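# Structural description and commentary
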Amino acid sequence: MRVVHVAAEALPFVKVGGLADVLGSLPRALAATGVRSTVLLPRYREIADPLEPLGEVAYRCCGEARRARVWGAALGGVAYRFLEVDPDWSAPYEPPEDARYLAFTQAAATWLAEQDHDLVHAHDWHAAYVVRRAPRPAVFTIHNLAFQGELEPDRFERLTGEAPEADLLHEGRVNLMKGALLAADRVTTVSPRYAREIQTPEFGMGLDAVLRSIRGKLTGILNGLDTEYWNPATDGFLPQKYDADHLERKRRNRMTLLATLRLDPGLPAVGAVTRLTWQKGFDLVLEVLPRILDLGVNFVLLGTGEAELERGFAEAARRYPRRVAFHAAFDEARAHRIYGGADYFLMPSRYEPCGLAQMIAMRYGTPPIARATGGLADTVEDGVTGVLFEEASGEGVLAGVRRILDLDAEALARAGMARDFSWGRRAQAYRELYEEAVS
Ligand code: ADP
């Protein structure tokens, strides 16, 4: 089985968010199941790695003939190809996004027609248009339903040289994600529960009716964790490395973390590492933070995002210097020290397609307190590896923290550390899906 993944970002070449993690690790995991992958990306200027020139592809875009240079690289058994449709394109999501990703996918479709492959796997709206032009069966994965690739029909016509077909239109505009949902042979999203949730108006972002209409070909497959990178037994960022048989070393990490942050050494630490956006629900935490502290815990937050939330948590850290620590930064080392030092991990998401942070936390023996939604509900076992709370509200968060404090923390930690969050059987599930799509 030979698969070409088409996406906007992939580690180790270019990363903005979680999509790059998935495209960086899934193809390698697929290789172990006998699936050979090529990853096709736009050539952004920021990709500085030495790439091998592989000629050109002639394609049509905007009603005219164009050429894109093709570049290549190979890494860990995976082939990478880069299409240079615009030499001025610096980084993912740089405007005009619609024009650039439409040019990329039109070039990609032409390039694919000349490649030996069995299946195309397109990821998110940036790659959506390739699904409609793919010469072979196509799988489409929704990583983020919030961004759908919408544009006015006349602009679409200018950018492609074609009038939009009826099933590309959604409420009067072109919707590239909808077009891929209808055209793909199989559609997946990144957890089974989220696959069900997005069929409801509450989670469907305006596409719930479309998603209900394709439910026969829609499934959820959880993302895996790079368990070599995220491993407390080998993690060089931690003062003390540890495993499930040496949790006393994790307690020493906690003491180091609390001492460094000048927090109360006699109380447990609730940690969080997150983007501070509406999705992640930290406005709810801010609402009840004094009452959370009253339960007898420290709170350690690492995250950047909305200015109002950053201000709120900075203010809380000033008001409770012995109990609250906040860093508004993206800081890999600090993130590891929170996973490896906190007693509990807070994740009150309003929605969560899959979520990696809760899996990292469980692998590090830091039981999550998480909202019962999407991939959180599929990966955290309530009362066994952590706590799930139902309500997206300050009271809900508070109830979650209260409940976990009544449970045996060490038993939760051990149960979470014993779980398998690797790609293994999840890559196998993709393989089976590919086989169905091809047959
Ligand atoms: P999302 O992709 O929606 O942001 P995930 O839970 O799937 O959420 O993945 C988030 C990843 O980004 C995790 O690996 C988390 O550790 C990391 N991360 C988020 N915020 C920060 C930060 N401020 N500093 C370091 N790492 C962060």
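Structure's up top.
Here goes a summary of the coordinates provided. (Residues numbered from 1 in each chain as written. Predicted model: local features only at pLDDT ≥ 70, side-chain atom pairs only at ≥ 80, totals over all residues. Heavy atoms only, no water.)

## Some words on the site of the ligand
For the ligand, the set of nearby residues contains 16 residues, the closest of which are Arg275, Lys280, Ala329, Tyr339 and Leu356. At 3.0 Å, a backbone N or O of Asp331 approaches a nitrogen atom of the ligand. Look at the ligand: alone it shows 560 Å² of surface, and the protein chains cover 87% of it. Ranked by residues supplied to the shell around the ligand, first place goes to strand S13 (residues 269–276) with three residues. When grouped by side-chain class, the residues that make up the shell around the ligand number ten nonpolar, three polar and three charged. (Near = heavy atom within 4 Å. Polar contact = N/O pair within 3.5 Å; in protein donor to acceptor, adjacent residues only side chain to side chain. Areas by Shrake-Rupley, 256 points an atom, 1.4 Å probe, with all protein chains shown as cover. Helix = DSSP H or I, 4+ residues; strand = E, 2+ residues; numbered from the N terminus. Nonpolar A, V, L, I, M, F, W, Y, C, P; charged D, E, K, R; others polar.)

## Some points on the packing of helix H9 (residues 282–294) against helix H14 (residues 394–405)
Direction vectors running N to C along H9 and H14 enclose 45°, while the axes themselves pass 8 Å from each other. The angle between H9 and H14 falls in the class oblique. Crossing handedness for the pair H9 and H14: right-handed. In contact with Leu284, Val285, Glu287, Val288, Arg291 and Ile292 of H9, H14 contributes Gly394, Glu395, Val397, Leu398 and Val401. When its residues are assigned to classes, the contact of H9 with H14 shows seven nonpolar, one polar and three charged. (Axes fitted to C-alpha atoms, helices over the stretch in contact; angles between N-to-C directions. Parallel < 35°, antiparallel > 145°, perpendicular 65-115°, else oblique. Left-handed = near helix turned anticlockwise from the far one by under 90°. Contact = heavy atoms within 4.5 Å.)

## What about the environment of Ala58?
Mapped onto the elements of the fold, Ala58 is located in strand S3 (residues 52–61). Ala58 sits 133 residues away from Ser191 along the chain, and the two C-alpha atoms are 38 Å apart. Not counting residues up to four positions away in its chain, the partners in contact with Ala58 are Arg66, Arg67 and Thr110.

It is worth stressing that arrangement in space is one thing and function is another; only the former is reported here.
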